[in-house]
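Given next are the chains, with one letter for each unit.
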Amino acid sequence: MARVYNFSAGPSVLPESVLKRAAEEMLDYQGSGQSVMEMSHRSKVYDAIIKECEALLREIMNIPDNYKVLFLQGGASSQFAMIPLNLLNKSGKADFILTGQWATKAYKEAARYGEANVVASSKDKTFSYIPEWNEADFTKDADYFHICMNNTIYGTKFTKLPETGDVPLVADVSSCILSEPIDVSRFGILYAGAQKNMAPAGLTVVIIREDLIGNAQEITPTMFNYQTHADNDSMFNTPPCYTIYVCKLVLEWLKNEIGGLEKMKAINEKKAAILYDFLDSSKMFKGTVEKKDRSLMNVPFVTGDEELDAKFVKEATAAGFVNLKGHRSVGGMRASIYNAMPTEGVEKLVAFMKAFEEANA
Ligand SMILES: *Cc1c(COP(=O)(O)O)cnc(C)c1O
C-alpha cells in the first residue's frame, strides 16, 4: 500500500490511525454485528456514538455549558443563510469583515434577509491580508458581527478579534477548528464544515450560545431553525451518522494520541514554520500573504511563473505530494497542512521543493 501526502484544502487528510480503526470496525461495530453505516440513528448503540462525539468536542474545546453543540448537514455554506434567518430578529442588521470568498458569500447571503454592512475588507489586494478595522464603524445595534477566522483559499487568519461588545461575534472556523485552542465564550456562534479538520464531508458543526436560539424569522424553514435541532439533540431527522462516528474517532485521536489543543497548536506551529521558513529563504518560491496574517493551516505560494508553477505541481504529484494546485480563483500552489498532516509530510515536501529549485534554477 502506498499512501501519498495529501495537501487538499478539503475534503482532506485524516489521521491514519483513525482510518485503520474505522476499517477494523467496518463490518462489526463493537459486537453489534453491524457497520455504523447501517445502524438506526435511534438505536442505543448509535446514541452512545453521537453523545460521546459531543462530549469529546466539549471537553477538547472547553465549550461552556450555556452553548449547544449541533450536528447538522448542508455544509458551512448553509450557515451563511441559517445565521441571518435565526439572528436577524431585532434591528435586522449585521456587520461583516470581508477577508475572502467565504466571508463574502456569508455577507451576500445575509443581505437577502436583512441589512448587511461591510466594516472592513482586504479585497483591494486579493485578500492577501487581514484588514484593520475601526470600532467606530461598527453598527451599535447589529444582531451579529461575522468574520471568517481562517481564510482557506488565501491563507490568512485573524490573530486578534474585533471587540463587538454585546453584539454576538459569529465566526466561520471551517478550516481552523481544532487547530489551536479558542475561547468559545468570546463568540455567539462558531461553525464549521467538518471536511477540513474534523471528519469526512457531510457534517456541519455549530456551537451556539443558547440565548441566540428561539427567535428565528417567521419565514425560516423548519430544518433551518436552530431551535428544531437544539430541541431534538440533532436528531430531528437522520443526522450524518457515519461522519459523526469518524469525527468521534478524530476527537479520540486528538485527545489520546496528540494530547489536546495546546499540543496540537505546538505541532501545527512547528509544521507551518518549516514551510514558511523555506518560502522566506527560497529564491524561486514565495508566500503570497502578509507575514503577520499567515494561516497555520493553508499555505499558498507561487514561483511567479505560471508555467513553472504547473511543472512543479505535475512533478510533485508524480512524487506523491498531491492536491498542491492553488484554488482556481488565485492560481499558484497551496499546501493545506491540517492537523492530520504529519510533520514528516511537510519536511519531505520542503526537501522536494529544494530539489526542484536546484534542478530548475
Ligand atoms: C470549505 C469552506 C467553506 C465551505 O464549506 P462547505 O461545507 O463546502 O459548504 C466555508 N468556509 C470556509 C472557511 C471553508 O474553508
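For clarity, every value in this text was computed on a predicted model and none was experimentally measured.

Criteria and cut-off values
Residues numbered from 1 in each chain as written. Predicted model: local features only at pLDDT ≥ 70, side-chain atom pairs only at ≥ 80, totals over all residues. Heavy atoms only, no water. Helix = DSSP H or I, 4+ residues; strand = E, 2+ residues; numbered from the N terminus. Disulfide = S-S within 2.5 Å. Buried < 20%, exposed > 50% of the residue type's maximum accessible area, 1.4 Å probe, protein only. Lys, Arg positive; Asp, Glu negative; His and termini not counted. Salt bridge = Lys/Arg side-chain N within 4 Å of Asp/Glu carboxyl O. Polar contact = N/O pair within 3.5 Å; in protein donor to acceptor, adjacent residues only side chain to side chain. Contact = heavy atoms within 4.5 Å. Pairing = 2+ DSSP bridges.

Draft legend 1. Spotlight on the environment of Asp 65. Examined against the element boundaries, Asp 65 turns out to sit in the loop between helix H2 (44-61) and strand E2 (67-72). Sequence-wise, Asp 65 and Arg 209 are 144 residues apart; in three dimensions their C-alpha atoms are separated by 9.0 Å.

Draft legend 2. Inspection of the state of the cysteines at higher detail. Tallying each qualifying case throughout the model produces zero disulfides. Of the cysteine sulfurs around Cys 176, a residue in no disulfide, the closest is that of Cys 148, at 7.5 Å. Judged by relative accessible area, which is 13%, Cys 176 ranks as buried. A disulfide-free cysteine, Cys 247 has its sulfur positioned 3.9 Å from the sulfur of Cys 53, the nearest such atom.

Draft legend 3. Structural context of the side chain of Lys 271. Its location among the elements puts Lys 271 in helix H7 (residues 261-281). Among buried charged residues, Lys 271 stands out as having no salt bridge; its nearest opposite-charge side chain is Glu 347, 11 Å away. Side chain to side chain, Lys 271 and Asn 268 meet in a polar contact 3.2 Å long. With residues near it in sequence (within four places) discarded, Lys 271 still touches Ile 337, Tyr 338, Asn 339, Met 341, Pro 342, Thr 343 and Val 346.

Draft legend 4. Geometry of the pairing of strand E8 (residues 169-172). By the alternation rule, side chains of E8 split into Leu 169 and Ala 171 and Val 170 and Asp 172, which are all buried. Here strand E5 (residues 144-148) runs beside E8; their pairing, made up of four bridges, is parallel. Bridging across to E8, His 146 finds its partner in Val 170. Where E8 and strand E9 (residues 189-193) come together, three bridges link them in parallel fashion. Its bridge partner being in E9, Val 170 is matched across the sheet by Ile 189.

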